[in-house]
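Breakdown of the fold
So the chains spell out like this:
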Amino acid sequence: MTSPLAFLYVRRRRSPLAGAFFAPGDLSGAALLHALAALLHVLSADVACWPARSQRRNCRSLARVLGILAILFDSLKESFAPSPSSPLPPRFPPSAVLCLRELYIFVYRAKLLLEYCSRSSRLWLLIRSPQISGYFHDLSQELATLLEVLPVDDLRLAADVREQIELLRRQCRRSKLCLDPNEEDLRQKIQSFLGQFETRKAPDPVELRNTFFDRLGIRDARACRKEIEFLEEHIFNQEEDVDTSVISGVIALTRYCRFLLFGFQEMEVERPFSDQGKISRKRLVSQGSSVSQGSGDFSLTIPKDFCCPISLDLMKDPVVVSTGQTYDRASITQWIEEGHRTCPNSGQTLSNNRLIPNRALRSLISQWCAAYGIPHETPDGADASAESIVAACTSKAATEANRATARILVQQLSVGSQESKAVAARELRLLAKTGRENRSFIAEAGAIPLLCRLFRSTNLMAQQNAVTAMLNISIHDDNKCRIVEEEGCLRLIVHVLRHGLTGEARENAAATLFSLSAVHDFKKTIVDEEGAVVGLVNLLMQGSQRGKKDAVMALFNLSTHLDTWSRMLELGAVSALLEALKDESVAEEALGALALLMRQPVVAQAVGSEDAAIASLLEMMRRGTPKRKENAVAALHEMCQRGGLPVTQKVAKTPMLGGLIQTILFTGTKRARRKAALLARMCQRCDSPAAMVYGNEWSPSRALARSSSSRGTSFRSGDVSVSMSRAVRVPVL
């Protein structure tokens, strides 16, 4: 039996009637009739199992219509079934084929609409109540038109069936837009709660309980979290024409009710997927992939839905293609770049190459990885995008509701149990993830000293969430002063950096130091804090890729303060940065930090005394990005300029230097060409092979002038250049 095909598969989060639909192209006549009847019977069985969260009247009405259509097609099957006297079935009227195809599409669209209502969140259906009611009304009018053109006389229908069809046609044509009065009253009640928050007045808790618990059926913290996640996904995807400021207000209201009405009951955050993946001493066999756990023989089964259908590996950045299928971004991007124009899973043609982030799935994967201690990186830029989206759709009601929620969470950090404090830290982390106002009033409510107390917690998730909340809070510039001036706070951040219970906690402690070091006056304070530089060095040498990035960016920021250079050399930062040149992911930032540090003569002399260090810098000049080459030649120039004649002579004697300088003079950035010319002049004074490359007719200044005129640019002095486009990382968990 052929299943219904849709040109554009409609996902749960999209408008239920969006897209173009087609009936099975390989069926006609009696075969199409049988397929349609089968679809109706399957749909009737499914509808009985789908909970009607909202739109109950419209759903019941549409279900009755589908039941009548099922009777119609059962009657048609009997009319066109082979008789004992004639082995061949009666010929199906050609005039009815087109109507049956359109009816097939109607039934399929009705199925999608009913699925949409059964799987969407209660609050989403309430917000969209007028639009969704309009979808039901449109389907009724569409069916009335189809029944009007249906060739009833050619279909050999019984009289009672004809009467039912005519009655159904009249009912559909006379139907009006149906808005449930109870749902409209609920919608107005939600709007009134938001209005109260706009005037900085908290709604009555009794009314909130009556609305959420009794009328909406949201009866526990887990239900609140599901509602919030559903609404947040709609904000991020922005696939339907909705007022996002209203949605953000409803999200904030629901978060407030989650703690006001249901307290701090735990929601199994520690191991939320214990029923999907189990740890054992034997490698588990299942449909998902497996990952090793620790250094022993443990293994962990990855839930199948978390694996990319192309690579079969755990997805790092799940995205949705136009057919509704989810893949890892790297895998599907490579698939498209190879020239494929179809969906790997379904075989359908991709209507476009747009990749929509599946943030809900990414959040679930991150939670699962955190629960089992598996490293999982958030793709760069994801949080900056979320930040801009949230900033664009915030509202005064959302801000005030979040402020009230922050007060509840901070109070729980102060007087709650250890379990409640861990939950409060996690929720503050989420609340501070986006929004300048959120970060501001969380700090104003007194969260900073209370979060610091959890930095020494033996609960690994409490410590991790507390330091990540501190990271998120520190992004707001005014909060940086509050954190550094809080007695003992910086010392505790360093404690987590060096002795954190999880890799993510140590990484986020490093990211917090990077955020704080954006204030120039705090750089020396951080370097003088015992263990801070050593902790960053250890993370740079032994951490994950994400940890190394956080550490090297923090070291780069600290190296921009003149009074930190000698101290960083003593604590091993220079040696660690030289070693980091071997890692492609952090080489550019390490070079930038080295170029700054080598402005201190003692640092330049120490680096210049090592042949391996000079060789590494020359290798960076030879390969890599233009920015990396620029920083490499800048570092060499600083080393020669500050390290004295012995260092310059040592560099000048390097045979490959001349060719590299000549290449950069013609192909490098403006700053790289300027630094290369200055380096060549210094080498020329040493009678080096680098200077001999130019001969008598081609001095560095002349070569520089030629390359400048050919490009039509002029040179200006500048500092070390490192791309700072990568914002402070705000984890998604």
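Residues numbered from 1 in each chain as written. Predicted model: local features only at pLDDT ≥ 70, side-chain atom pairs only at ≥ 80, totals over all residues. Heavy atoms only, no water.

**Remarks on the overall build of the protein chain**
- A tally of regular secondary structure across the protein chain gives 35 helices and eight strands.
- For the protein chain, the proportion of its 733 residues judged to be buried stands at 54%.
- Sequence separation of at least 24 residues holds for 71% of the intrachain contacts in the protein chain that already meet a minimum separation of 6.
- Accessible surface, the protein chain as shown: approximately 32100 Å² in total, 50% of it carbon and sulfur. (Helix = DSSP H or I, 4+ residues; strand = E, 2+ residues; numbered from the N terminus. Buried < 20%, exposed > 50% of the residue type's maximum accessible area, 1.4 Å probe, protein only. Contact = heavy atoms within 4.5 Å. Areas by Shrake-Rupley, 256 points an atom, 1.4 Å probe, with all protein chains shown as cover.)

**Here's the deal with the packing of helix H27 (residues 587-597) against helix H30 (residues 626-643)**
- One way to put it is that H27 packs onto H30 with a least axis distance of 8 Å and a crossing angle of 25°. When the axes of H27 and H30 are compared, the pair comes out roughly parallel. The way H27 lies across H30 gives a crossing that is left-handed. Facing H27, whose interface residues are Ala587, Glu588, Leu591, Gly592 and Ala595, H30 presents Lys627, Arg628, Asn631, Ala632, Ala634, Ala635 and Glu638. (Axes fitted to C-alpha atoms, helices over the stretch in contact; angles between N-to-C directions. Parallel < 35°, antiparallel > 145°, perpendicular 65-115°, else oblique. Left-handed = near helix turned anticlockwise from the far one by under 90°.)

**With respect to the side chain of Thr648**
- Topologically, Thr648 is positioned in helix H31 (residues 645-652).
- Side-chain polar atoms of Thr648 contact the backbone oxygen of Cys640, separated by 3.0 Å.
- Within the local environment of Thr648, its side chain forms a polar contact with the backbone oxygen of Gly644, the two atoms lying 3.1 Å apart.
- If near-sequence neighbours (up to four positions away) are discounted, Thr648 is found in contact with Cys640, Met682 and Cys686. (Polar contact = N/O pair within 3.5 Å; in protein donor to acceptor, adjacent residues only side chain to side chain.)

**Thoughts on the nonpolar core**
- Within the largest apolar cluster, 189 residues are counted, with the highest numbers of intra-cluster contacts made by Leu69, Phe73, Phe212, Leu451, Met621 and Met639.
- With 13 residues, helix H3 (residues 94-119) is the largest single contributor of residues to this core.
- Of all hydrophobic cores here, the second largest spans 18 residues; its members include Phe306, Val319, Val321 and Ile336. (Core = buried A, V, L, I, M, F, W, Y, C linked by side-chain atoms within 4.5 Å.)

**A look at the sheet that holds strand E6 (residues 318-320)**
- Ordered by their spatial adjacency, three strands build an open sheet running E7-E6-E8, and the pairing between neighbours is antiparallel. Only two strands of the sheet have a single partner each, and these edge strands are strand E7 (326-328) and strand E8 (356-357).
- Sheet topology places E6 next to E8; two bridges connect them, and they run antiparallel. Bridged to Val320 within E8 is Ile356.
- The strands touched by helix H11 (residues 329-337) within the sheet are E6, E7 and E8, with E7 carrying the most contacts at an inclination of about 95°. (Pairing = 2+ DSSP bridges.)

**Some remarks on the packing of aromatic side chains**
- Scanning the model with the defined rule gives two aromatic pairs in all.
- Taking NZ or CZ as reference, Arg209 lies 5.5 Å from the ring centre of Phe213, over its face. (Phe/Tyr/Trp six-rings, centres within 6.5 Å; stacked < 30°, edge-to-face > 60°. Lys NZ or Arg CZ within 6 Å of the ring centre and 35° of its normal.)

**Here we look at the environment of Thr564**
- Within the fold, Thr564 resides in the loop between helix H24 (545-559) and helix H25 (565-570).
- By relative accessible area, Thr564 is classed as buried at 1%.
- Not counting residues up to four positions away in its chain, the partners in contact with Thr564 are Lys523, Lys524, Val527, Leu558 and Ser559.
- For Thr564, the side chain forms a polar contact with the main-chain oxygen of His561, separated by 2.7 Å.

**Remarks on helix H5 (residues 129-149)**
- Here H5 contains 21 residues, and its C-alpha end-to-end distance of 31 Å stays within 8% of the 30 Å for a straight helix at 1.5 Å per residue.
- Next to the buried residues of H5 lie helix H2 (56-79), H3, helix H4 (122-127), helix H6 (159-174) and helix H7 (181-198). (Expected span 1.5 Å × (residues − 1).)

**Concerning unusual backbone geometry**
- For Arg200, which is not glycine, the phi dihedral falls at a positive 60°.
- Tracing the backbone shows Arg200 in the loop between H7 and helix H8 (205-215).
- The backbone of Leu312 shows a phi angle near 65°, a positive value even though the residue is not glycine.
- Position of Leu312 relative to the elements: it lies in the loop between strand E5 (298-301) and E6.

**A short note on the packing of H2 against H3**
- At a minimum axis separation of 11 Å, H2 and H3 run at an interaxial angle of 150°. The angle between the axes of H2 and H3 places the two elements in the roughly antiparallel class. Crossing geometry of H2 relative to H3 is assigned as left-handed. Judged by residue contacts, Cys59, Leu62, Leu66, Leu69 and Phe73 of H2 engage Leu100, Leu103, Phe106, Ala110, Leu114 and Cys117 from H3.
- Classifying every residue of the contact of H2 with H3 by side-chain character gives eleven nonpolar, no polar and no charged. (Nonpolar A, V, L, I, M, F, W, Y, C, P; charged D, E, K, R; others polar.)

**So, a positive patch on the surface**
- On the surface, a cluster of positive charge is contributed by Arg56, Arg57, Arg60 and Arg64.
- Examined against the element boundaries, Arg60 turns out to sit in helix H2.
- The class of Arg60 is partly exposed, set by a relative accessible area of 47%. (Patch = residues over 30% accessible without salt bridge, like charges linked within 9 Å, V, L, I, M, F, W, Y side chains within 5 Å. Salt bridge = Lys/Arg side-chain N within 4 Å of Asp/Glu carboxyl O. Lys, Arg positive; Asp, Glu negative; His and termini not counted. Charge placed at Lys NZ, Arg CZ, Asp CG, Glu CD.)

**Details of the confidence of the model for the protein chain**
- In this model, the protein chain carries a mean pLDDT of 79, and residues with pLDDT of at least 70 account for 79%.
- Note on residues 688-718: pLDDT under 50 across the span, and 56 contacts to partners over four residues away in sequence or across chains.
- A low-confidence stretch, residues 723-733 (pLDDT under 50), is modelled with 47 contacts involving residues beyond four sequence positions or located in other chains. (pLDDT = per-residue confidence, 0-100.)

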